[in-house]
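Summary of the model geometry
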Amino acid sequence: QVQLVESGGGLVQPGGSLRLSCAASGSIFSIYAMGWYRQAPGKQRVLVASITSSGNTNYPDSVKGRFTISRDNAKNTVYLQMNSLKPEDTAVYYCQTVVRPKANSGMYIYWGQGTQVTVSS
């Protein structure tokens, strides 16, 4: 089993910044990719940013240039630096990781519990 612990959410004014962290622990042989998704009330969960083990990143146009994803492979931790936040960024942010638990196992997807980000004046 793999556990994901998120931190860093909160209330911020428009134009402000927040940094989210997500640490993975448990049965981990290797991590292929880590990412962040968000879900606003009444909407589907959507990708915010992702990063592979080799450092390739992916962002939707809605956050490109404002959000930056990074990871510390030694700590199995992924970060999301969010700048120039807008009210429409308000959502619950979820960490996701694609993990190979053992050397001879397949890969599995795990989710964090979510952290609330509210952008409001």
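Residues numbered from 1 in each chain as written. Predicted model: local features only at pLDDT ≥ 70, side-chain atom pairs only at ≥ 80, totals over all residues. Heavy atoms only, no water.

**Points about the environment of Q1**
Here Q1 shows up in the segment before β1 (2-7). For the pair Q1 and S27, spaced 26 residues apart in sequence, the C-alpha to C-alpha distance is 5.5 Å. If sequence neighbours within four positions are ignored, Q1 has contacts with S25, G26, S27 and Y110. (Helix = DSSP H or I, 4+ residues; strand = E, 2+ residues; numbered from the N terminus. Contact = heavy atoms within 4.5 Å.)

**As for the nonpolar core**
Core analysis: the largest hydrophobic core is formed by 28 residues, its most contacted members being W36, L80, M82 and Y93. Counting residues per element, the ones that place at least two in this core are β1, β3 (18-26), β4 (30-39), β5 (46-52), β7 (67-72), β8 (77-82), β9 (91-100) and β11 (115-119). Apart from the residues within four sequence positions on either side, L80 is in contact with L18, R19, L20, W36, V48, A49, F67, T68, I69 and Y93. (Core = buried A, V, L, I, M, F, W, Y, C linked by side-chain atoms within 4.5 Å. Buried < 20%, exposed > 50% of the residue type's maximum accessible area, 1.4 Å probe, protein only.)

**Section: the state of the cysteines**
Per the counting criterion, the structure on display carries one disulfide. For C22, the disulfide goes to C95, at an S-S distance of 2.1 Å. On the sign convention where negative means left-handed, the S-S torsion of about -85° between C22 and C95 marks this disulfide as left-handed. On the criterion of sequence distance, the pair formed by C22 in strand β3 and C95 in strand β9 is long-range, its members being 73 residues apart. Residue class for C95 comes out buried when judged on its relative accessible area of 0%. (Disulfide = S-S within 2.5 Å.)

Coordinates in, geometry out; function isn't part of it.
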